[in-house]
Amino acid sequence: MSTTAKVTAIGAAAILALTACSSGASSADSEGGAFSLSGDARMIVPFSAGGGSDLSGRAIAAGLESVTGTNVSVENREGGSGAVGYSHFLAQEGKDNYLLASETAMLALPLTQDVEFDFTSFTPIMKLGDDYTLLVVAPDSPFETCTDVVDKAKTDRVVAAVSGATSLDEIVFTLVEDEMDVKFDRVPFESGSEVLASLLGGQIDIASLNPGEVLGQLESGDLKALCAFSDERYEYDQLADIPTAKEQGIDVAFAQFRGFIAPGGISDDAKEFWINAAKEFEKSDSYAEYIEQNVMQANAVYGDDFVTYLEGNNEDLKKVLK
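Read on for a plain summary of the structure. Computed from a predicted structure; not experimentally measured.

Definitions and limits used
Think of each chain on its own: its residues are numbered from 1, step by step along the sequence as written. Local features in this predicted model are restricted to residues of pLDDT 70 or higher, and side-chain atom pairs are both shown and tallied only at a pLDDT of 80 or more, whereas totals for entire chains, interfaces and linings draw on every residue. Excluding hydrogens and water, the side-chain values take into account all heavy atoms of the structure. Being paired, for any two strands, means DSSP has found at least two bridges between them. The way it works is that DSSP assigns letters per residue, a run of H or I at least four long becomes a helix, a run of E at least two long becomes a strand, and they are numbered from the N terminus. Here an axis means a line fitted to C-alpha atoms, over the contact stretch when the element is a helix, while the angle between two N-to-C directions is reported on a 0 to 180 degree scale. Any two residues having at least one pair of non-hydrogen atoms within 4.5 Å are treated as being in contact.

Here we look at the sheet that holds strand S7 (residues 122-131)
Here is step 1: As summarised here, the arrangement of the 6 strands in space is S5-S4-S6-S13-S7-S14, forming an open sheet in which the pairing is mixed. A single partner strand is all that each edge strand has here, and the edge strands are strand S5 (72-76) and strand S14 (297-302). With strand direction ignored, the average angle separating the axes of adjacent strands in the sheet is 20°.
Here is step 2: Note: S7 against S14, 4 bridges, orientation antiparallel. Counted as the bridge partner of Lys 127 is Val 301 from S14.
Here is step 3: Helix-sheet contacts for helix H1 (residues 52-68) involve strand S4 (41-45), S5, strand S6 (98-102), S7 and strand S13 (256-263), and the interaxial angle to S5 is about 165°.
Here is step 4: Relative to the sheet, helix H10 (residues 303-321) contacts S6, S7, S13 and S14, its axis offset from that of S7 by approximately 70°.

What follows is the structure in structure tokens.
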């Protein structure tokens, strides 16, 4: 059976006024009175620059900066398939001016590595949407469909790139292996941008990448997509002709979420501040542009509803990674 992360978007709530303080920190009215951040905010990206998480983190930072009036700088802390960045973020407990661009690695790392955190260690703020992947190859690859790849893997070596042991591509390839009773040889990389360079350089056979990472190469003909690991075909014109893996007899679909979290131990007022800022961001043109440019499924949830989503997604991942 396919494993698909789904959740229903919630309606918008009343938005509190967000104004900038003269010190550069933002403040907002809340039930407990005026709230002010401790200082300028910092967005941690637990992967290197250029990949999907980096694009997400920078878009969120810019959006929050626009709606709150506070400075939100971006800091990449890559390494350990995201473990370095998340571990650094764990140490910021109680700091209301730290954020992290989160994704499926937040759930997958504790299931596969000896780390000191899980998703309950942090304060979930917003899930922006869902990000599926495409199986892509070089333009001169002999593979024309995902079925071709599976058939080759049954009798011969197929080299697949993965951007870390807990990445979406690792999860998708594991699902395909379990569904089709095959094995791929893996080469690990730290980010989607490194995977893309290796694929274009002919060092690997296949890669599973987010559409937003490869849309330009698909349009230019530098890559070709064999299938999409989604429930249904994309409605975007540039991707509408790409069949799903299910259409080719591979019953696999899985979405990576994109969102952001705050450290654990922050006050209720700080949590409310960031949730209200996130809701303002969702209403902005910059949110719509991010979703469209990265070819994602818009599906925003906040706070406790984000926690509920994470609980369900974590149970799905346990079936794959443990």
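With respect to the environment of Val 159
Here is step 1: Relative to the helices and strands, Val 159 is located in strand S9 (residues 159-162).
Here is step 2: Expressed as a C-alpha distance, the spacing of Val 159 and Asp 205, which sit 46 residues apart in the sequence, is 5.1 Å.
Here is step 3: If near-sequence neighbours (up to four positions away) are discounted, Val 159 is found in contact with Asp 185, Val 187, Gln 203, Ile 204, Asp 205 and Ile 206.

Regarding the sheet that holds strand S10 (residues 185-188)
Here is step 1: As summarised here, the arrangement of the 5 strands in space is S10-S9-S11-S8-S12, forming an open sheet in which the pairing is mixed. Strands with a single pairing partner mark the edges of an open sheet, and in this sheet they are S10 and strand S12 (224-228). Within this sheet the neighbouring strands show an average axis-to-axis angle of 30°, counted without direction.
Here is step 2: Both S9 and S10 contribute to a ladder of 4 bridges, which runs parallel. The residue bridging Ala 161 from the neighbouring strand is Val 187, located in S10.
Here is step 3: Its contacts with the sheet put helix H6 (residues 192-200) on strand S8 (134-137), S9 and strand S11 (206-209), and the angle it makes with S11 is roughly 150°.

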